[in-house]
Each structure stands twice: as C-alpha cells, then as structure tokens.
Amino acid sequence: MRPRPPDREPFFHCVKIQWDQVESKDRFPFSIPAIQNIEVLDLHPAVTFLIGENGKGKSTLLEAIAVRLDFEATGGDAEANFGQRPLDGGLHDAIRIRSSNFRRPADRFFLRAETVFILATQLDRKARKDPQVLRRFGSQSLHNRSHGEAFLAIVQNLMKQESFFLLDEPEAALSPSRQLAVLKEIDWLVPAGCRFVIATHSPILLAYPDSRIYELGDHGVTEVKYEETEHYKLTRSS
Ligand SMILES: Nc1ncnc2c1ncn2[C@@H]1O[C@H](COP(=O)(O)OP(=O)(O)OP(=O)(O)O)[C@@H](O)[C@H]1O
Ligand SMILES: [Mg+2]
C-alpha cells in the first residue's frame, strides 16, 4: 500500500550564506561564482535539484550543507563516524539552514560516490555482531556487489520513511534502467514524507515533476524549468 501523504512541511526550508562571517570571497570555495552569488536558497518541499556544468560548485554546496547538518564529509547515514570533517572556515561554517520546528527527519543520508564503500564497510561491521542486518541484502556483503548494484540496494533497502537525503550524482553508478528504478524509489519516498536535495546530470532523475531545479553557473544560481534545461533539450533533440 502506498504510504499516507504527510503534510507538505519540508524539514529544512532554506539554505543561507552568512557573508558577514566570510573573510574573503577570493579564496576557495567562496571564490566559486555560483557560491558567491547565493544569499538564500529556498528548498522545495519535496525534491530540490542542483544542476550545472562540471566544476560549477554543486558538490561543494551539497557537502557544505551536509557537514552543517553533522554528516561526515564522505557521506553515510546519521551514524557514520569516520572523522572526516573538513577544515574550519569552509563554506559549512558560513551556511545556515532554516529548519522546521514541527518536523524532524526520522533518519538522514548523504550519498556520494565514496559512500557506497563506507556504508558497505559499516554494514559488514554491524553484521559481525548481528548477521541478520545483511538479510535484506541476500545475506551477502555489499562489497560483493558491483558499485551500481550496491548503490541501488542501499537506496531500496536503507532508505526509510520521513527521512532527509542529500544525493551527489546518484546516477553515476547506474544504467538508465536503474536510474528509473531510483526515480521510482523517490516517487515512493516523497509521499512517505522523505525530502531530497540532489546534485545531478541525469535527464532521467531531473524529470521528477514534484521538484525545483537550481542551475549553478558563472552568473550565480538560477531557478530553471525542466524544459529549459540543457539535459532536456539535448535528450529531446537526439
Ligand atoms: N579543495 C579544493 N581547492 C580548490 N578548488 C577546488 C577544491 N575542490 C574543488 N575545487 C574547485 O571548485 C569548483 C567546484 O567543484 P565541485 O566539485 O563543487 O563542482 P561540481 O559542480 O560538483 O562538478 P561536477 O559536475 O564535475 O561534479 C571546481 O572548479 C573545482 O576544481
Ligand atoms: Mg560534483
């Protein structure tokens, strides 16, 4: 049965950069043009996409949001603890995230390329005490799967209702049909109260309609419609 739709309160309303706390806009990451132009970024109640050419600052922004929310810089779930915190004085220190007083995520995940390895290792550690934790993964370590298979298994088995997700290029490991499987998962999780911020190059994921798309570029961050994105235009014309 499809989960009951919760109210449309997001967990986090907006991301703000406190420029009065930044010593110099000339040094990385404050020197990135898109980052320099952010004052406030309103998050969509369901899915917020970050798009843009390579090197425009998507991962930098996503990581800063993640670290601000106490994630490990290398990603993982709320329990991940590998001591991977970036140096003080970075974007994460200048960022403020306005959150709802009414809704708190039940769980949260920050998934980037290296996270699959980290989560697989974490699950193996837990499985040494309790082998049952691997049951939903066919009682096999995720290290025994391909990167794409392990990623999809994480998305399908670990992601829970009422959770908050930061995903950095989730498509990286996935074939088009598996990207569609992730899209289906998102479409299941949003009515189950989950909220997403996703940096992506995938025209497949971007097609998710209940979303807002921000494009990071040399002139700042612009909200764009799906049909206006290069991803859509290129896919349509080919
Ligand atoms: N530690 C660093 N020191 C200096 N510059 C950096 C550092 N890390 C990244 N950069 C630069 O910051 C810019 C933004 O990088 P970022 O990884 O956020 O881009 P991106 O939009 O995620 O790109 P992609 O689509 O390729 O993943 C790039 O020009 C990159 O070279
Ligand atoms: Mg990136």
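Residues numbered from 1 in each chain as written. Chains lettered and ligands numbered in written order. Predicted model: local features only at pLDDT ≥ 70, side-chain atom pairs only at ≥ 80, totals over all residues. Heavy atoms only, no water.

**Remarks on the nonpolar core**
Counting residues in each nonpolar core, the largest one holds 38 residues, and the members touching the most others are Val47, Phe49, Leu111, Leu142, Phe165, Ile186 and Phe196. Elements with a minimum of two residues in this core: strand E3 (47-51), strand E6 (107-111), helix H4 (115-129), helix H5 (147-158), strand E7 (163-168), helix H6 (176-189), strand E8 (195-199) and helix H7 (203-206). With 7 residues, the top contributor of residues to this core is H5. In this view, Leu142 contacts Ala120, Leu123, Asp124, Phe137, Ala150, Ala153 and Ile154; residues no more than four positions away in its chain are not counted. The next biggest cluster of nonpolar side chains, apart from the first, holds 32 residues, and it includes Ile32, Ile38, Ala94 and Tyr214. (Core = buried A, V, L, I, M, F, W, Y, C linked by side-chain atoms within 4.5 Å. Buried < 20%, exposed > 50% of the residue type's maximum accessible area, 1.4 Å probe, protein only. Helix = DSSP H or I, 4+ residues; strand = E, 2+ residues; numbered from the N terminus. Contact = heavy atoms within 4.5 Å.)

**Describing the side chain of His231**
For His231, the position within the fold is in helix H8 (residues 230-237). Sequence-distant contacts of His231, defined by excluding residues within four places in its chain, comprise Ile51, Thr200, His201, Ser202, Pro203 and Leu206.

**Comments concerning the packing of H5 against H6**
Direction vectors running N to C along H5 and H6 enclose 10 degrees, while the axes themselves pass 10 Å from each other. The pairing of H5 with H6 is recorded here as roughly parallel in orientation. Handedness of the crossing formed by H5 with H6: left-handed. From H5, Glu149, Phe151, Leu152, Val155 and Gln156 reach across to H6, where they touch Arg178, Ala181, Val182 and Glu185. Residues that form the contact of H5 with H6 fall into these classes: 5 nonpolar, 1 polar and 3 charged. (Axes fitted to C-alpha atoms, helices over the stretch in contact; angles between N-to-C directions. Parallel < 35°, antiparallel > 145°, perpendicular 65-115°, else oblique. Left-handed = near helix turned anticlockwise from the far one by under 90°. Nonpolar A, V, L, I, M, F, W, Y, C, P; charged D, E, K, R; others polar.)

**Notes on the site of ligand 1**
In the neighbourhood of ligand 1, the contacting residues comprise Phe28, Ile32, Glu53, Asn54, Gly55, Lys56, Gly57, Lys58, Ser59, Thr60, Glu169 and His201. The separation between an oxygen atom of ligand 1 and a polar side-chain atom of Glu169 is 3.1 Å. His201 has a polar side-chain atom sitting 2.7 Å from an oxygen atom of ligand 1. A total of 640 Å² of accessible area belongs to ligand 1 in isolation, and the protein chains cover 54% of it. In the shell around ligand 1, the residues fall into 2 nonpolar, 6 polar and 4 charged. (Near = heavy atom within 4 Å. Polar contact = N/O pair within 3.5 Å; in protein donor to acceptor, adjacent residues only side chain to side chain. Areas by Shrake-Rupley, 256 points an atom, 1.4 Å probe, with all protein chains shown as cover.)

**Thoughts on the pairing of E8**
Summarising burial for E8: 5 of the 5 residues are buried, a large majority. The side-chain alternation of E8 yields two buried faces, one formed by Arg195, Val197 and Ala199 and the other by Phe196 and Ile198. Bridging between E3 and E8 involves 4 bridges; their strand directions are parallel. Counted as the bridge partner of Val47 is Phe196 from E8. In the sheet, E7 pairs with E8 via 5 bridges, with the strands oriented parallel. Pairing of Phe164 across the sheet is with Arg195, part of E8. Crossover handedness for the path E7 to H6 to E8: right-handed. (Pairing = 2+ DSSP bridges. Right-handed = clockwise from strand over helix to strand, strands pointing away.)

**With respect to the pattern of salt bridges**
For the structure on display, the rule yields 3 salt bridges. Two residues, Glu223 and Arg212, come together in a salt bridge whose shortest N-O distance is 3.7 Å. Of this pair, Glu223 sits in strand E10 (residues 220-224) while Arg212 sits in strand E9 (residues 211-217), placing them 11 residues apart in sequence. (Salt bridge = Lys/Arg side-chain N within 4 Å of Asp/Glu carboxyl O.)

Keep in mind that these numbers describe shape and distance, not what the molecule does.
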